[in-house]
Amino acid sequence: MAVAMAVVEGALAAAEREGGGKIAAVHLRIGAVSGVDREALALALSVAAEGTGAAGANWLLTAVAARAWCGGCGAVREPVADYDLRCGDCGAWLEALRTGRELELTAIELEVRQAGGAATAETEAA
Amino acid sequence: MSEAAAPRIVAVRERILKANDLRARRLRARFQAAGTGVISLVSSPGAGKTALLEALLPRMAERYRMAVLVGDLATENDAERLRRAAPAVPARQIATGTVCHLDAAMVERALEGWALAALDWLWIENVGNLVCPAAYDLGEQRRWVLLSATEGEDKPSKYPAIFQGADLTLFTKMDLAGAVGFDAAAARANVQAVRPGMRVLEISARSGAGMDGLAAEIGR
């Protein structure tokens, strides 16, 4: 929930920098070993956004697979499983994670205001 | 009027916990400038964080100037326990209300009025929780994760993020290991699976087993 609140705050701050407006969608990258469950986060986001300019936004969560350096293979490999950090190819313990711990707000989509100041209906119908 | 326009996409690309990370970085710089070592403790509720400090602080109080911050949703109970165990060590409770973890801002506020330069070590006991504290940097230099014998061997497999973010694992309540059938070797293997190379110490705050080794750990 605290992560969701940080996402909403970040999205609102970004919208503010762009001159404000209702947020239609928020793009996030969530690593497979970030400790955040994507389904739980999606639910928490819709709750955290209630009553803000991000209420009703589409939450677009992209999963990022875990990949780490394998000393055995001398290459970046994927682990056996998300939380079993042995090399999927040779079974050696993997070293530093290159990807998989991401919790990133990558982009927001703002509804474009018309001359009258009303938000467009197109994205709300989407 | 113009036709309905497509939404405008704005690239943001920022880390979600950036504000906390920045604050934690500032705290870490302050601790370093003051020469204060900071160790935080994380575990599930009841794994023995407070008991560990009750046993450890009196062993260290003659050699080091220390202070403790202890986080809980409510009550002053843990801070009071620590004051009784080590009266010379100031202990402050951080009541988080509904928040299930400490963050860098709470630590920053709780430090107000303490002269860090007068402290060799600051202990931070996080809220008992194996999930949320993993995501929040508090500016500490070391993080110890506790796993009590009564919790079973598979906690590292179930809650890997908290183990991956820690520097040392402590198996606590080892005086009960036989009674509850705790398989320390299996638990060590589970720790290694999620955090290769992590060191593990086995202790009992009640019997004192392993406590001298842990006190020596401070000097590392």
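Residues numbered from 1 in each chain as written. Chains lettered and ligands numbered in written order. Predicted model: local features only at pLDDT ≥ 70, side-chain atom pairs only at ≥ 80, totals over all residues. Heavy atoms only, no water.

Participant: Would you take a moment to explain unusual backbone geometry for this structure?
Facilitator: Trans peptide bonds make up the majority, and among non-glycine residues the majority have a negative phi. Residues and elements named next belong to chain B. Positive phi is not limited to glycine here, since Thr75 has a value of about 80°. Inspection of the secondary structure puts Thr75 in the loop between strand S3 (66-72) and helix H3 (77-85). The backbone of Lys173 sits at a positive phi, close to 55°, despite the residue not being glycine. Inspection of the secondary structure assignment puts Lys173 in the loop between strand S7 (168-172) and helix H7 (177-180). Its relative accessible area of 26% is what places Lys173 among the partly exposed residues. (Helix = DSSP H or I, 4+ residues; strand = E, 2+ residues; numbered from the N terminus. Buried < 20%, exposed > 50% of the residue type's maximum accessible area, 1.4 Å probe, protein only.)

Participant: Please explain the interface of chain A and chain B as it appears in this structure.
Facilitator: In many analyses, interface size is given as the accessible surface area lost on bringing the parts together. Tallying the contact residues gives 33 residues for chain A and 26 residues for chain B. Here chain A is connected to chain B by three salt bridges. Glu18 of chain A is the salt-bridge partner of Arg8 of chain B, the closest N and O atoms lying 3.3 Å from each other. Seen at the junction of chain A and chain B, the total is nine residue pairs in polar contact (both at pLDDT 80 or more). (Contact = heavy atoms within 4.5 Å. Salt bridge = Lys/Arg side-chain N within 4 Å of Asp/Glu carboxyl O. Polar contact = N/O pair within 3.5 Å; in protein donor to acceptor, adjacent residues only side chain to side chain.)

Participant: Is there a simple way to think about the confidence of the model for chain A in this case?
Facilitator: It should be kept in mind that the predicted coordinates are not to be read in detail where pLDDT is low. Taken over all residues, the pLDDT of chain A has a mean of 85, while the share at 70 or more is 89%. Counting interchain partners and residues more than four positions distant, the pLDDT-below-50 stretch residues 115-126 of chain A has 20 contacts. (pLDDT = per-residue confidence, 0-100.)

Participant: Looking at this structure, I do not really get helix H1 (residues 2-17) of chain A. What am I missing?
Facilitator: Given 3.6 residues per helical turn, the α-helix brings residues three or four places apart onto the same face. With 16 residues, H1 of chain A extends 23 Å between its outermost C-alpha atoms, agreeing within 8% with the 22 Å of an ideal straight helix rising 1.5 Å per residue. Of all the residues in H1 of chain A, the buried ones are Val3, Ala4, Ala6, Val7, Val8, Gly10, Ala11, Ala14 and Ala15 of chain A. As for H1 of chain A, its buried residues are in contact with strand S1 (23-31), helix H2 (38-48), strand S2 (58-64) and strand S8 (103-110) of chain A together with strand S1 (8-15) of chain B. Gly19 of chain A lies just past H1 of chain A and shows a positive phi near 100°. (Expected span 1.5 Å × (residues − 1).)

Participant: Help me understand the sheet that holds S7 of chain B, please; the structure alone is not making it clear to me.
Facilitator: Sheets are built from strands that pair by backbone hydrogen bonding, the pairs being arranged parallel or antiparallel. Residues and elements named next belong to chain B. With parallel pairing, seven strands are arranged side by side in an open sheet as S4-S3-S5-S2-S6-S7-S8. Only two strands of the sheet have a single partner each, and these edge strands are strand S4 (91-95) and strand S8 (199-202). Between one strand and the next, the sheet's axes are offset by a mean angle of 20°, whatever the strand orientation. Running at roughly 165° to strand S5 (residues 121-125), helix H2 (residues 49-60) makes contact with strand S2 (37-42), S3, S5, strand S6 (142-148) and S7 of the sheet. (Pairing = 2+ DSSP bridges. Axes fitted to C-alpha atoms, helices over the stretch in contact; angles between N-to-C directions.)

Participant: Got a minute to help me understand the nonpolar core in this structure?
Facilitator: Side chains that are nonpolar tend, in soluble globular proteins, to be buried together. Formed by 30 residues in total, the largest nonpolar core has its most connected members in Val26, Trp59 and Ile108 of chain A together with Ile16 of chain B. Counting residues per element, the ones that place at least two in this core are H1, S1, H2 and S8 of chain A together with S1 of chain B. Excluding residues that lie within four positions of it along the chain, Trp59 of chain A makes contacts with Val7, Val8, Val26, Leu45, Ser46, Ala49 and Ala54 of chain A. (Core = buried A, V, L, I, M, F, W, Y, C linked by side-chain atoms within 4.5 Å.)

Participant: Could you clarify how one ought to interpret the packing of aromatic side chains in this entry?
Facilitator: Centre-to-centre distance and the angle between the planes together describe a pair of aromatic rings. Residues and elements named next belong to chain B. Taken as a whole and judged by the stated rule, the model has three aromatic pairs over all chains. Residues Tyr64 and Trp121 carry aromatic rings whose centres are separated by 6.3 Å and whose planes lie at 90° to one another, so their mutual orientation is edge-to-face. Here Tyr64 is found in the loop between H2 and S3, whereas its partner Trp121 is found in strand S5, with 57 residues between them in sequence. Given the relative accessible area of 11%, Trp121 is considered buried. With centroids separated by 5.5 Å and ring planes inclined at 70°, the aromatic side chains of Trp123 and Trp144 adopt a geometry described as edge-to-face. (Phe/Tyr/Trp six-rings, centres within 6.5 Å; stacked < 30°, edge-to-face > 60°.)

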